[in-house]
Amino acid sequence: MTADVIDGKAFAAGIRARVAEGVAAFKASQGFTPGLAVVLVGEDPASQVYVRNKHRQTLEAGMESFEHRLPADTPQADILALVEKLNADPAVNGILVQLPLPDHVDADLVINSVSADKDVDGFHISNVGRLGAGLKAMVPCTPLGSLMLLRDRHGSLSGMNAVVLGRSNIVGKPMAQLLLKDSCTVTIAHSRTKDIEAVCRGADILVAAVGRPEMVRGSWIRPGATVIDVGINRIETPEGKTRLVGDVHFAEAMEVAGAVTPVPGGVGPMTIACLLANTLTSAHRSVGLPDPEGLTA
Ligand SMILES: Nc1nc2c(c(=O)[nH]1)N[C@@H](CN(C=O)c1ccc(C(=O)N[C@@H](CCC(=O)O)C(=O)O)cc1)CN2
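Along each chain, residues carry numbers from 1 onward, in the same order as the chain's sequence is written. It should be noted that, the model being predicted, local features are given only for residues of pLDDT at least 70 and side-chain atom pairs only at 80 or more, the latter also being counted only at that level, while totals for whole chains, interfaces and linings use all residues.

### Observations regarding the sheet that holds strand β5 (residues 161-165)
- Read from one edge of the open sheet, 6 strands run β1-β11-β8-β7-β5-β6, paired in parallel fashion. Either end of the sheet is taken by a strand with one partner, and the two such strands are β1 (4-5) and β6 (185-189).
- Two elements, β5 and strand β7 (residues 205-208), share 4 bridges in a ladder whose sense is parallel. Within the sheet, the bridge partner assigned to Val-164 lies in β7 and is Val-207.
- What counts as a contact here is a pair of residues whose C-beta atoms, placed from the backbone, lie within 7 Å. In this description, a line fitted to the C-alpha atoms serves as the axis of each element, helices being fitted only across the stretch in contact, and the angle between N-to-C directions of two axes falls anywhere from 0 to 180 degrees. The numbering of helices and of strands both runs from the N terminus, where a helix is a DSSP run of H or I of at least 4 residues and a strand a run of E of at least 2. Sheet contacts for helix α6 (residues 141-154): β7, β8 (226-229) and β11 (259-260); angle to β8, the most-contacted strand, approximately 160 degrees.
- Seen against the sheet, helix α7 (residues 172-181) touches β5, β6 and β7 and runs at an angle of roughly 170 degrees to β6. DSSP-based pairing: two strands are paired if at least 2 bridges between them are found.

### Quick notes on the site of the ligand
- Lining the immediate environment of the ligand, one finds 17 residues, of which Tyr-50, Leu-99, Pro-264, Gly-268 and Thr-271 sit closest.
- Elements with a minimum of two residues in the shell around the ligand: β4 (94-97), α6 and α10 (268-286).
- The biggest single contributor to the shell around the ligand is α10, with 4 residues.
- Following the grouping adopted for this structure description, the nonpolar residues are Ala, Val, Leu, Ile, Met, Phe, Trp, Tyr, Cys and Pro, the charged ones are Asp, Glu, Lys and Arg, and the polar ones are all others, Gly among them. In terms of residue class, the shell around the ligand is built from 11 nonpolar, 5 polar and 1 charged.
- Residue ranges assigned to each domain were obtained from an automatic or database domain assignment. Of the residues that make up the shell around the ligand, three or more belong to each of domain 1 (31-125) and domain 2 (141-268). In this analysis, residues qualify as near a molecule or strand once their C-beta atom, positioned from backbone atoms, comes within 6 Å of it.

### Topic: the sheet that holds β4
- If you walk across this open sheet you meet the 3 strands as β3-β2-β4, and the pairing is parallel. Edge strands, defined here as strands with exactly one partner in the open sheet, are β3 (64-70) and β4. Averaged over all neighbouring strand pairs, the angle between strand axes comes to 15 degrees, with direction disregarded.
- Relative to β4, strand β2 (residues 35-41) runs parallel, the two sharing 4 bridges. Each residue of the ladder has a partner; that of Leu-36, found in β4, is Gly-94.
- On the sheet, helix α3 (residues 76-88) packs against β2, β3 and β4 and is oriented at approximately 180 degrees with respect to β2.

### Considering the nonpolar core
- Counting 89 residues, the largest nonpolar core has Leu-165, Leu-206, Val-207, Ala-253, Ala-257 and Val-260 as the members making the most contacts within it.
- Looking at this core, the element that brings in the most residues is α10, giving 9 residues.
- Residues lining this core come from more than one domain, with at least three contributed by each of domain 1 (31-125) and domain 2 (141-268). Only buried Ala, Val, Leu, Ile, Met, Phe, Trp, Tyr and Cys residues enter a nonpolar core, and they are joined through C-beta atoms within 7 Å. Residues with at least 20 neighbouring C-beta atoms inside 10 Å of their own are called buried, those with 12 or fewer are called exposed, and the rest are partly exposed, where every C-beta is derived from the backbone.

### Describing the UniProt feature "binding site: NADP(+)" (unreviewed entry) in the protein
- UniProt positions are given in the numbering used here, feature names are shortened, and annotations may be inferred rather than shown by experiment. The residues that UniProt annotates with the feature "binding site: NADP(+)" (unreviewed entry) are Gly-166, Arg-167, Ser-168 and Ile-232.
- As for its position among the elements, Ser-168 is in the loop between β5 and α7.
- As for its position among the elements, Ile-232 is in the loop between β8 and β9 (233-236).
- For Ile-232, a count of 19 C-beta atoms within 10 Å gives the class partly exposed.
- Residue contacts for Ile-232: discarding those within four places in its chain leaves Leu-244, Val-263 and Gly-268.

### Focus: the packing of helix α2 (residues 45-60) against α10
- Contact geometry of α2 with α10 gives a least axis separation of 10 Å together with a crossing angle of 50 degrees. Regarding the angle of α2 to α10, the classification is oblique. In terms of crossing hand, the pair formed by α2 and α10 is right-handed. In this structure, α2 contributes Asn-53, Lys-54, Gln-57 and Thr-58 to the contact, and α10 contributes Ile-272, Leu-275 and Leu-276. For classification, angles of less than 35 degrees are called roughly parallel, those exceeding 145 degrees roughly antiparallel, those between 65 and 115 degrees roughly perpendicular, and all remaining angles oblique. Helix crossings fall into two classes, left-handed where the near helix is turned counterclockwise from the far one by less than a right angle and right-handed where it is turned clockwise.

### Focus on unusual backbone geometry
- Residue Leu-99 is joined to Pro-100 through a cis peptide bond whose omega torsion reads 5 degrees.
- With respect to the helices and strands, Pro-100 occurs in the loop between β4 and α4 (107-111).
- Val-263 connects to Pro-264 through a cis peptide bond whose omega is 0 degrees.
- With respect to the helices, strands and loops of the structure, Pro-264 is situated in the loop between β11 and α10.
- Located in the positive-phi region is Ser-183, a residue other than glycine, with phi close to 65 degrees.
- Mapped onto the elements of the fold, Ser-183 is located in the loop between α7 and β6.
- The class of Ser-183 is exposed, set by 12 C-beta atoms lying within 10 Å.
- Despite not being glycine, Glu-214 has its phi angle at roughly 55 degrees, a positive value.

What follows is the structure, encoded as structure tokens:
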């Protein structure tokens, strides 16, 4: 058996095109342009790439992009003051503080200082609570993108057995909430789960988000299952170069699964596409418009 490869890169391009259409319609009806502010503290190389891509793709979607790059030793009080300014700025509909933050900064404090309405990352505690309670929320981008890929493949997810491997606040927990909202039977598996391999083998949908290169082997996967690989791990090759791999052993998964997201080119590109979608959603909500169709959970 050879699984289908889910092309997240192409799907994300489609989402970005729909966001761009939505932005054009929004500007025409409301007379202002939605804006996204991104705050980057420090020089983490991967974060710099992600922030640069966010800036470019925000402009390509027709939105305003406000980039704030701060030195690694910026005092926490200065970061909080910047967030306060952005919260009060009517030109800014979405605010994202790039993670990870330097060690001297209390990330939870900064995340929760972002206005919940402008929290396009969906990390603010009131958005976490709203999602858990099944209320309208801003939804974290990577889980939202993963959900879109799953809905595209299966239509309804109702009644499916979903296993989420990993319990982070950014991916694992919100992913589980979204799958539950779509009426899956959800299990969260983690480092303390007994016989994790057997638990994963029970999954019609397996979402791997543990940050451990190629941890999920072919034997962990139920034949025909859909595997969403959220991991992005850079490993050394025997030739002394580096390459990106996911949390799933891709070649083995391809032998067993029904469909697999690759790394790169799977879930990763959906993260920024959903950030743009969330910014448009936030702009809609700010003027009392209904949520843009097909771009929310
Ligand atoms: N405030 C946030 N910080 C971080 C988030 C987030 O959602 N909000 N997620 C990640 C980083 N991230 C966006 O910020 C991100 C990660 C990966 C990709 C992506 O397109 N990956 C490519 C491969 C890229 C590469 O070559 O390195 C892929 O998988 O195809 C986009 C965005 C942590 N921080």
